[in-house]
Amino acid sequence: MHTEYEEFENIEDMFMYMASAAPPMKNTMPINSYKGYVMAFIPLSPATGETYLMIYASGSLEPGIYEFDVSSKSYKKVDGIERADKVYFICLTPKRNTLADSAIDTL
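All of the points below concern the structure found in this document. Nothing here was measured: the structure is a model prediction, and the numbers come from that model.

With that settled, consider the overall build of the protein. A tally of regular secondary structure across the protein gives two helices and seven strands. Since a compact globule built from 107 residues should have a radius of gyration of about 13 Å, the 14 Å found for the protein is in line with a globular shape. Burial status across the protein gives 39% buried among its 107 residues. Residue pairs at least 24 apart in sequence account for 58% of intrachain contacts in the protein once pairs closer than 6 positions are excluded. A total of about 6300 Å² of accessible surface is found on the protein, and carbon and sulfur atoms cover 51% of it. Looking at charge distribution, the protein has the averaged site of its 9 positive side-chain charges lying 6 Å from that of its 15 negative ones.

This paragraph deals with helix α1 (residues 11-21). Those residues of α1 not exposed but buried are Ile-11, Met-14, Phe-15, Met-18 and Ala-19. Projected down its long axis, α1 shows its buried positions confined to an angular sector of 135°, all on one face. For α1, the exposed residues lying more than 90 degrees away from the buried face are Ser-20 and Ala-21.

Within this structure, the stated rule accounts for eight aromatic pairs. Through successive ring pairs, a cluster of aromatic residues spans Phe-15, Tyr-66, Phe-68, Tyr-75 and Phe-89.

With that out of the way, let us pick up the sheet that holds strand β5 (residues 64-69). The strand order across the open sheet formed by seven strands is β1-β4-β3-β2-β7-β5-β6, and the pairing between neighbours is mixed. Of all the strands in the sheet, just β1 (2-8) and β6 (74-78) have a single pairing partner and so form its edges. Recorded for the sheet is a direction-independent mean angle of 30° between the axes of neighbouring strands. Where β1 meets strand β4 (residues 51-58), seven bridges bridge the pair, whose relative direction is parallel. By the bridge assignment, Thr-3 is partnered in β4 with Tyr-52. Strand contacts of α1: β1, β2 (28-34), β3 (37-43), β4, β5, β6 and β7 (87-92), with the helix running at about 145° to β4, the strand carrying the most contacts. Against the sheet, helix α2 (residues 98-105) makes contact with β1, β2, β3 and β4, and its axis sits at roughly 105° relative to β3, the strand it touches most.

Procedures and definitions
- Residues numbered from 1 in each chain as written.
- Predicted model: local features only at pLDDT ≥ 70, side-chain atom pairs only at ≥ 80, totals over all residues.
- Heavy atoms only, no water.
- Helix = DSSP H or I, 4+ residues; strand = E, 2+ residues; numbered from the N terminus.
- Rg over C-alpha atoms; globule rule 2.2 N^0.38 Å.
- Buried < 20%, exposed > 50% of the residue type's maximum accessible area, 1.4 Å probe, protein only.
- Contact = heavy atoms within 4.5 Å.
- Areas by Shrake-Rupley, 256 points an atom, 1.4 Å probe, with all protein chains shown as cover.
- Lys, Arg positive; Asp, Glu negative; His and termini not counted.
- Charge placed at Lys NZ, Arg CZ, Asp CG, Glu CD.
- Arc of directions from axis to C-beta.
- Phe/Tyr/Trp six-rings, centres within 6.5 Å; stacked < 30°, edge-to-face > 60°.
- Pairing = 2+ DSSP bridges.
- Axes fitted to C-alpha atoms, helices over the stretch in contact; angles between N-to-C directions.

Next comes the structure, spelled out in C-alpha cells:
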C-alpha cells in the first residue's frame, strides 16, 4: 500500500477542502478522529486499492455529526442532518485502523 498526504493547518481548512471536493448532491462525508489526527482517506487507485490520499489535520473530535458552514468556515456538533445548504461530517473514532496506523507510521 502506498499513501500520499495532504496536511492542513487546522480542521476547518481540512473541512473546506473536503467540502469543495464532495460530489454534487452529497452533503455527508465520513471522517476519523484517531491518534491525534482528524483524517479521511480517498482511494487514488480504486481498482487496485494500492494508493490512498490521506487528508488530515492535527487534532481530535468527539464521535458524532458535525455541521460545516463553508461561508463562515466554521463547524459545530449537531444532533441531526437537517439543512441542504450545509456540509455534514460523520466523525468516528475507531478502536483500531490499520490503514491509518500504517499511514501515521510513515508521516
